[in-house]
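The chain contents come next:
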Amino acid sequence: MNQDEMKLAVAREALRYVVDDAWLGVGTGSTANFFIDELAKVKWRIKGAVASSVKTAERLKAHGIDVEELNNVQDIPVYIDGADEVTPQGAMIKGGGGALTREKIVAAVARRFVCIADQSKKVQRLGKFPVPVEVIPMARSYVARELVLLGGYPEWRMGFTTDNGNVILDVSDLTIEDPVAMEDRIRSIVGVVTVGLFARRRADVILLGTSDRVDTIVVGPRARIVE
């Protein structure tokens, strides 16, 4: 299978985790788009979806799938989304498409997070893919200087604005020995909205497309770190 065929395979496998007659959280990105197209074939199974971005909402609606605001939904049994990198322990880098904040919010609400990706996204340690950081525009330069002090090389994603009206700094060269500690450290910088490290709210199930099958990694019932 080529990369697109792997994405299609995990999208189809993810349908097994969809809870009937319930709201479904749906992520953003190329793999999530494959899932949305497959979901459309069985849309009668769900009440509707909570989207993690405007683009996802538009794609869902184009398929005739009802989209509801998160504030109007009390329970999301499952959230299905891709990742830019994912470890066997379920920690991820997400936000290459710029939807990290809304993705993180929907993931926090969902009782189960199913990560769908092709095998190239599996890593033993996060950090080869730049870490996206959503920032209040007036704080961009200050946050960039603080990220340099952490050992990173931040690059402003010029010409891009998030659905929340903010900017993205893509941070390369970060040494991420402890994803939870790094997530907390970056989030503590004044002006940061959130960071595309998903370590406190990890994936519960990882579906990885390989050349000839879909591998399933079960991380835990929720994989949320409790203080």
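In the block above lies the structure referred to throughout.
What comes next concerns the included structure. (Residues numbered from 1 in each chain as written. Predicted model: local features only at pLDDT ≥ 70, side-chain atom pairs only at ≥ 80, totals over all residues. Heavy atoms only, no water.)

## A short note on the overall build of the protein chain
Counting its secondary structure elements, the protein chain contains six helices and 13 strands. Relative to the 2.2 N^0.38 estimate, which gives 17 Å for 227 residues, the radius of gyration of the protein chain is 17 Å and therefore close to what a compact globule would have. Projecting the C-alpha coordinates of the protein chain onto the three principal axes gives extents of approximately 50 × 35 × 35 Å. Relative to its full complement of 227 residues, the protein chain shows a buried share of 54%. In the protein chain, the share of contacts with a sequence separation of at least 24, taken over all contacts with a separation of at least 6, comes to 71%. Carbon and sulfur atoms form 50% of the exposed surface of the protein chain, whose accessible area is close to 10500 Å². Averaging the coordinates of the 30 positive side-chain charges in the protein chain and doing the same for the 31 negative ones gives two points 1 Å apart. (Helix = DSSP H or I, 4+ residues; strand = E, 2+ residues; numbered from the N terminus. Rg over C-alpha atoms; globule rule 2.2 N^0.38 Å. Buried < 20%, exposed > 50% of the residue type's maximum accessible area, 1.4 Å probe, protein only. Contact = heavy atoms within 4.5 Å. Areas by Shrake-Rupley, 256 points an atom, 1.4 Å probe, with all protein chains shown as cover. Lys, Arg positive; Asp, Glu negative; His and termini not counted. Charge placed at Lys NZ, Arg CZ, Asp CG, Glu CD.)

## Some words on the pattern of salt bridges
What the rule picks out here adds up to 17 salt bridges. With a closest N to O distance of 2.9 Å, Arg200 and Asp184 form a salt bridge. Of this pair, Arg200 sits in the loop between strand 11 (197-198) and strand 12 (205-209) while Asp184 is found in helix 6 (residues 179-187), placing the two residues 16 residues apart along the sequence. The partner of Asp212 in a salt bridge is Arg213, with the nearest N and O atoms 3.0 Å apart. Residue Asp212 is classed as exposed on the basis of its relative accessible area, which comes to 56%. Take Arg213: its relative accessible area is 45%, and that puts it in the partly exposed class. Taken together, the shared-partner salt bridges connect Arg12, Glu38 and Lys41 into one network. (Salt bridge = Lys/Arg side-chain N within 4 Å of Asp/Glu carboxyl O.)

## What about helix 6?
At 3.6 residues per turn, the α-helix brings residues three or four places apart onto the same side. For helix 6, the full list of buried residues reads Pro179, Val180, Met182, Glu183 and Ile186. Projected onto a plane normal to the axis of helix 6, the buried residues spread over an arc of 165 degrees and lie on a single side. At its buried positions, helix 6 is contacted by helix 4 (100-109), strand 7 (131-135), helix 5 (140-149), strand 10 (192-195) and strand 11. One side-chain oxygen at the N-terminal end of helix 6 lies 3.2 Å from the backbone nitrogen of Val180; it belongs to Asp178. (Arc of directions from axis to C-beta. Polar contact = N/O pair within 3.5 Å; in protein donor to acceptor, adjacent residues only side chain to side chain.)

## Let's talk about the sheet that holds strand 7
Strands sit in the order 8-9-7-10 across an open sheet of four strands; the sheet is antiparallel. The open sheet has two edge strands with one neighbour each: strand 8 (153-156) and strand 10. Between one strand axis and the next, the sheet turns by 30 degrees as a mean value, whatever way the strands run. With three bridges connecting them, strand 7 and strand 10 associate as antiparallel partners. Among the inter-strand pairings, Val135 is bridged to a residue of strand 10, identified as Val192. Together, strand 7, strand 9 (167-172) and strand 10 form the strand contacts of helix 4, whose direction differs from that of strand 10 by roughly 65 degrees. (Pairing = 2+ DSSP bridges. Axes fitted to C-alpha atoms, helices over the stretch in contact; angles between N-to-C directions.)

## Brief notes about the side chain of Thr210
Mapped onto the fold, Thr210 is located in the loop between strand 12 and strand 13 (214-218). The class of Thr210 is buried, set by a relative accessible area of 7%. Once you skip the residues sitting within four places of it in the chain, Thr210 turns out to touch Met1, Met6, Gln119 and Asp215.

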